[in-house]
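Overview (structure and organization)
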2 protein chains.
Amino acid sequence: MAAVRPYTCGLDAAADVIGGKWKPRILWALHHGPRRFGELRKEVTGVTEKMLIQQLRELESRHIVHREVFHQVPPKVEYSLTELGESLNIALMPLDQWGADHMTEIEASRPC
Amino acid sequence: MAAVRPYTCGLDAAADVIGGKWKPRILWALHHGPRRFGELRKEVTGVTEKMLIQQLRELESRHIVHREVFHQVPPKVEYSLTELGESLNIALMPLDQWGADHMTEIEASRPC
DNA sequence: CACCTCACTGACTTTTTGGTAAGTACCTGA
DNA sequence: TCAGGTACTTACCAAAAAGTCAGTGAGGTG
């Protein structure tokens, strides 16, 4: 989903940041606090390691998530929301609520 | 962006509905009232006829937009938001606001 | 010394999405 | 009869996103 640039509205810009199959799920998982890579892999069911890391790196480069490495063996890496990420998640709440409210309708009208 | 089903959260469901390069732009354009096909083509700059109709059909099948044909020559077809579409647009407003508020940061950190 | 965990990384393939360009149908007015 | 305006439709191709799968490194455990 290559977004149009320069953005024509805020929605456009936001879509560019949260676009992709896994980013909303990841944001959702991080909503309740920092998570290790392995924890995210479990919580975001269905994601592969490659996609997870790819999306995390994108979110990191957009300053939505923060990555912290603990120099241990075995390694430990924690991902958390930045302030910007928190504000994004807050802005996403009504959308999540909308989706929850209309889930049955959405399911019913899903293509095939 | 094939969404995971069954949905794991409301955000997931919402993402399935508004996913695609042009849907947020179309929703945005319809926010201010009904629009004819040709009007949308002009307002949603850069969209091709094929993509526009494709996205409109998807939104229609999800009961987000309403399509009304006026039997005239030359033809006239008007697209408008349904109640569900209106409620979706309202839920999208905070996200639009977030995007507008942080547009410069988002632009600055955009990939390449 | 072999094996384990954890967090990656990279090559390659498949699937999905989007874009191009041409054509259709209809009636109107010149 | 022929161009024009409007809303599509189709076949084909390109690009982007996602998936598969095998492999890496570093230190701790048996």
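Structure report, in brief. Remember, it's a predicted structure, so these values are computed and weren't measured experimentally.

Brief notes about helix α5 (residues 83–101) of chain B
Count 3.6 residues to each turn of an α-helix, and residues three or four apart come out pointing the same way. Residue and element names in this part refer to chain B. Between its first and last C-alpha atoms α5 spans 27 Å; for 19 residues at 1.5 Å apiece the expected length is 27 Å, and the two agree. Leucine 92 marks where α5 bends most, by close to 35°; the proline proline 94 follows one to four residues later. When α5 is considered as a whole, its buried residues turn out to be Leu84, Gly85, Leu88, Asn89, Ala91, Leu92, Leu95, Asp96, Trp98 and Gly99. The residue sitting at the N-terminus of α5 and contributing the capping side-chain oxygen is threonine 82; that oxygen lies 3.3 Å from the backbone nitrogen of leucine 84.

A few points about the pattern of salt bridges
Evaluated as defined, the whole model comprises twelve salt bridges over all chains. A salt bridge links glutamate 107 of chain A to arginine 110 of chain A; the nearest nitrogen and oxygen atoms lie 2.3 Å apart. For arginine 110 of chain A, a relative accessible area of 31% translates into the label partly exposed. For lysine 23 of chain B, the salt bridge is made with glutamate 58 of chain B, and the minimal N-O distance between the two is 2.7 Å.

Some words on the nonpolar core
Leu95 of chain A together with Leu95 of chain B are the most contacted members of the largest nonpolar core, which has 62 residues in total. Ignoring anything within four residues of it in the chain, the contact list for leucine 95 of chain A reads Gly10, Leu11, Ala14, Ile18, Leu88, Ala91, Leu92 and Leu95 of chain B.

So, the relation of the copies chain A and chain B
Superposition of the two copies of the chain requires a rotation about an axis together with a shift along that axis. The two copies are related by a screw motion: chain A maps onto chain B through a turn of 180° and a shift of 0.0 Å along the axis, at an RMSD of 0.1 Å. Those values place the two copies in the arrangement expected of a two-fold rotation axis. With an isologous cut-off of 70% or more, the 100% of interface residues of chain A that recur at the interface of chain B puts this contact in the isologous class.

Focus on the protein's contact with DNA strand D
Taken together, 23 residues sit near DNA strand D, with Lys21 and Lys50 of chain A together with Glu49, Ile53 and Arg67 of chain B positioned nearest. Backbone atoms, meaning sugar and phosphate, make up 75% of the atoms of DNA strand D lying within 4 Å of the protein. At a separation of 2.7 Å, a phosphate oxygen of DNA strand D approaches a polar side-chain atom of arginine 57 of chain B. The contact in question runs from a sugar or linking oxygen of DNA strand D to an N or O atom on the backbone of proline 75 of chain B, over 2.9 Å. Listing elements by their share of the surface near DNA strand D, those giving two or more residues are α4 (49–61) of chain A together with α3 (37–43), α4 (49–61) and β3 (76–81) of chain B.

Conventions and cut-offs
Residues numbered from 1 in each chain as written. Chains lettered and ligands numbered in written order. Predicted model: local features only at pLDDT ≥ 70, side-chain atom pairs only at ≥ 80, totals over all residues. Heavy atoms only, no water. Helix = DSSP H or I, 4+ residues; strand = E, 2+ residues; numbered from the N terminus. Expected span 1.5 Å × (residues − 1). Bend = angle between axes of the 7 residues up to and from the residue. Buried < 20%, exposed > 50% of the residue type's maximum accessible area, 1.4 Å probe, protein only. Polar contact = N/O pair within 3.5 Å; in protein donor to acceptor, adjacent residues only side chain to side chain. Salt bridge = Lys/Arg side-chain N within 4 Å of Asp/Glu carboxyl O. Core = buried A, V, L, I, M, F, W, Y, C linked by side-chain atoms within 4.5 Å. Contact = heavy atoms within 4.5 Å. Least-squares fit on C-alpha atoms with pLDDT ≥ 70 in both. Near = heavy atom within 4 Å.

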